[in-house]
Amino acid sequence: ITDTFDRIESTEKEIDAFLTLNKENALKKAEEIDEKGITSEKLLAGIPISVKDNIVTKDMRTTAGSKMLENFVSVYDAAVIEKMSEAGLINVGKVNLDEFAMGGTTENSYFKPTKNAWDQTKVPGGSSGGSAASVASGQVPASIGSDTGGSIRQPAAFNGIVGMKPTYGRVSRYGLIAFASSLDQIGPLTRTVKDNALILNAISGHDPKDSTSAKLAVPDFTANLTGDIKGMKIAVPEEYLKDGVAPDVCQAVQEAIKTFESLGAIVEQVSLPHTKYGVAAYYIISSAEASSNLQRFDGIRYGYRSPEAKSLEDVYVMSRSEGFGPEVKRRIMLGTFSLSEGSYDAHFKKASQARTLIRQDFDHVFSEYDLIIGPTTPTVAYGFGEIVDDPVAMYMADVLTVPSNFAGLPGMSVPCGFSEGLPIGLQLLGKHFDEDTMYRAAYAFE
Ligand code: GLN
């Protein structure tokens, strides 16, 4: 753990992944573990891990990347924090994100932009950009992120690491600051597939405090990491390799397909015809849910209160105007608009119908195949400022990741090549609660 903090200190100037370090507590925990010794049930004891700063911790502030929560300290630990601690994992600190997890570059953080681990002139992706950069730069072997429309998989792809968004319901979201509750899911980012499976083992399982958490036994996700995937049926959606996807990315995915075939998998092309409605529907539904979830930040119950406020109305209006950044405000406006009388039918209801069609596309493919593969993102990492000021371009880049959140399906990104020195991610999508097959395939591919 001492080495970890040395490493963080020496690399942080270039990476800027951390918002808060947990040095004192982490060292204390490490000493306790040293005294007790590591038992076989506590395989992960003493391993350092970073945590996205939208997951609440009672020992450290939780900012959600926002001025609104700059000095907020939770009175309880999120369920995943408790699980991590039971497994002996040591939380070394909280890492940067786009404000309230809204974004794909980590440039929407109120505090600072994090840098890509491979090239410090490029973004790390987002919103779990701090998580991905802290792992890829070797600061920590693992991080916990959250994914509403790609926020684990896209930064994993941009940093050349492994990121898993488990099935909706697999990991408790108790203590995750809600963005869009019907889509949010917590999952691990790591350097290898096996590490990822080990961390998911530790954080999964039913939690009565999260009503959407599934009452299902958690298999050992490392049990089938044999390298054998003979006969596995893999689908490649034609829509995932269309124009808009960079040629180098397409080529890397084609190479990956060949690798899967050489490992004995059966790879066939399929269609997910409603993919094209995904982004539009996602930004309506996720913003609608966000506009509701973010009502609690009213200057009274949590966080920032404008010092200039003179009346109750002022407290609400000024605290929210000063406390939220531009992207968060944009989404609250979009969400409130699409839920309002007069636009509900044309926008929110239509988006919900599109969501159903997208789910049905997946049901159809998964009735015949074990796995879907394609690119995680249409391009490799962008430069700073290159895309963030063009919200629509930014939103369109989520075309390949949002559909699986709509369906609650598990999605994973594993490294599959480079384009001009920047990593490319291969996306694997699995059936509900079948992360096991994804890990098996990813391990054989890795
Ligand atoms: N980029 C997407 C968005 O901005 C995804 C965010 C996420 O998964 N948290 O909404």
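Here is what the cut-offs are and how they apply
- Residues numbered from 1 in each chain as written.
- Predicted model: local features only at pLDDT ≥ 70, side-chain atom pairs only at ≥ 80, totals over all residues.
- Heavy atoms only, no water.
- Near = heavy atom within 4 Å.
- Polar contact = N/O pair within 3.5 Å; in protein donor to acceptor, adjacent residues only side chain to side chain.
- Areas by Shrake-Rupley, 256 points an atom, 1.4 Å probe, with all protein chains shown as cover.
- 1 Å grid on protein atoms, 1.4 Å probe; cavity = no way out; pocket = protein on both sides within 12 Å on 5 of 7 lines; lining within 4 Å.
- Sits in = over half its atoms within 2 Å of the grid points.
- Nonpolar A, V, L, I, M, F, W, Y, C, P; charged D, E, K, R; others polar.
- Patch = residues over 30% accessible without salt bridge, like charges linked within 9 Å, V, L, I, M, F, W, Y side chains within 5 Å.
- Salt bridge = Lys/Arg side-chain N within 4 Å of Asp/Glu carboxyl O.
- Lys, Arg positive; Asp, Glu negative; His and termini not counted.
- Charge placed at Lys NZ, Arg CZ, Asp CG, Glu CD.
- Helix = DSSP H or I, 4+ residues; strand = E, 2+ residues; numbered from the N terminus.
- Phe/Tyr/Trp six-rings, centres within 6.5 Å; stacked < 30°, edge-to-face > 60°.
- Buried < 20%, exposed > 50% of the residue type's maximum accessible area, 1.4 Å probe, protein only.
- Lys NZ or Arg CZ within 6 Å of the ring centre and 35° of its normal.

Further remarks concern the site of the ligand. Residues in close proximity to the ligand total 14 residues, the closest being Thr148, Gly149, Ser151, Tyr282 and Arg331. Contacts to the ligand include Ser127, whose side-chain N or O atom sits 3.4 Å from a nitrogen atom. Within the contact set of the ligand, an oxygen atom lies 3.3 Å away from a side-chain nitrogen or oxygen of Tyr283. For the ligand, the protein covers 99% of the area, taking 290 Å² as the surface of the free molecule. In a pocket analysis with a 2 Å cut-off to the grid points, the ligand is assigned to the largest cavity. Considered class by class, the residues forming the shell around the ligand number five nonpolar, six polar and three charged.

Next up on the list: a negative patch on the surface. A cluster of like negative charges, contributed by Glu31, Glu32, Asp34 and Glu35, occupies part of the molecular surface. One can find Glu31 in helix α2 (residues 23–36).

What follows is about the packing of aromatic side chains. Summed over all chains, the structure comprises 15 aromatic pairs. Between the aromatic rings of Trp118 and Phe418, the centroid separation amounts to 5.0 Å while the plane-to-plane angle is 65°, which identifies the pairing as edge-to-face. One end of the pair, Trp118, is in the loop between β3 (90–95) and α4 (129–136); the other, Phe418, is in strand β10 (residues 411–419), with 300 residues separating them in the sequence. Summarising the aromatic geometry, the rings of Tyr282 and Phe406 are spaced 6.5 Å apart at their centres and angled 55° between planes, so their arrangement reads as tilted. With Tyr282 in helix α8 (residues 278–293) and Phe406 in helix α13 (residues 402–407), the pair connects residues that are 124 residues apart, well separated along the chain. Exposure remark for Tyr282: the relative accessible area of 3% places this residue in the buried category. Above the plane of the ring of Tyr369 lies Lys233, whose end atom (NZ or CZ) is 4.8 Å from the centre.

Moving on, we get to helix α6 (residues 193–203). Among the residues of α6, those classed as buried are Val193, Asn196, Ala197, Ile199, Leu200, Ala202 and Ile203. Between a side-chain oxygen at the N-terminus of α6 and the backbone nitrogen of Asp195 the separation is 3.1 Å; the capping residue is Thr192. Downstream of α6 by one or two residues, Gly205 has phi in the positive range, about 125°.

What you tend to see is this: most non-glycine residues have negative phi, and most peptide bonds are trans. The peptide bond linking Gly126 to Ser127 adopts the cis configuration, its omega dihedral lying at 10°. When you line up the elements, Ser127 lands in the loop between β3 and α4. Despite not being glycine, Ala64 has its phi angle at roughly 55°, a positive value. Here Ala64 is to be found in the loop between β2 (48–52) and α3 (79–86). Within the chain, Glu420 stands out as a residue other than glycine whose phi angle is a positive 45°. Take Glu420: it is sitting in the loop between β10 and β11 (422–430). Exposure remark for Glu420: the relative accessible area of 80% places this residue in the exposed category.

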